[in-house]
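Take a look at the letters that make up each chain.
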Amino acid sequence: MIDVVSRVAQALAAAYGARKMNYALLGNQIPHVHWHVLPRLAGDPAPSDPVWSVRHAPLRLAPAELAARAAAIREALSA
């Protein structure tokens, strides 16, 4: 599983130009495992803090931008 998570992290780093990557492995409320793989970008307002501790306005991407970002991640995964 960690190999797959690492591959996803590499793809996100390539697609977003991440400076570093944060990982969170959770599953404590319902017996399961899930990962958060969080690229930290150059303009990160609090690069040393957990991403969920920084208040921010929700960002809704336009359909074309969402499709472009998904395509960039798919391309990075296929490399």
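As the structure is a computational prediction, the values presented were derived from the model and not from experiment.

### Here's the deal with the overall build of the protein chain
- Scanning the protein chain from terminus to terminus reveals two helices and two strands.
- Ordered by position in the sequence, the α and β elements of the protein chain form the string α-β-β-α.
- Each principal axis of the C-alpha distribution contributes one length, and for the protein chain these read about 35 × 30 × 25 Å.
- Across the 79 residues in the protein chain, those meeting the buried criterion constitute 14%.

### Considering the side chain of Asp44
- With respect to the secondary-structure elements, Asp44 resides in the loop between β2 (34–40) and α2 (63–78).
- Of note is the side chain of Asp44, whose polar atom sits 3.0 Å from the backbone nitrogen of Ala46.

### Focus on the side chain of Arg40
- Counting through the fold element by element, Arg40 comes out in strand β2.
- Here Asp44 takes part through its side chain, which lies 2.4 Å from a polar atom of the side chain of Arg40.
- Here Ala46 takes part through its backbone oxygen, which lies 2.8 Å from a polar atom of the side chain of Arg40.
- Excluding anything up to four places from it in sequence, Arg40 contacts Ala18, Arg19, Lys20, Asn22, Ala46, Pro47, Asp49, Pro50 and Val51.

What counts and how
- Residues numbered from 1 in each chain as written.
- Predicted model: local features only at pLDDT ≥ 70, side-chain atom pairs only at ≥ 80, totals over all residues.
- Heavy atoms only, no water.
- Helix = DSSP H or I, 4+ residues; strand = E, 2+ residues; numbered from the N terminus.
- Buried < 20%, exposed > 50% of the residue type's maximum accessible area, 1.4 Å probe, protein only.
- Polar contact = N/O pair within 3.5 Å; in protein donor to acceptor, adjacent residues only side chain to side chain.
- Contact = heavy atoms within 4.5 Å.

Purely geometric stuff here, so don't read any function into it on its own.
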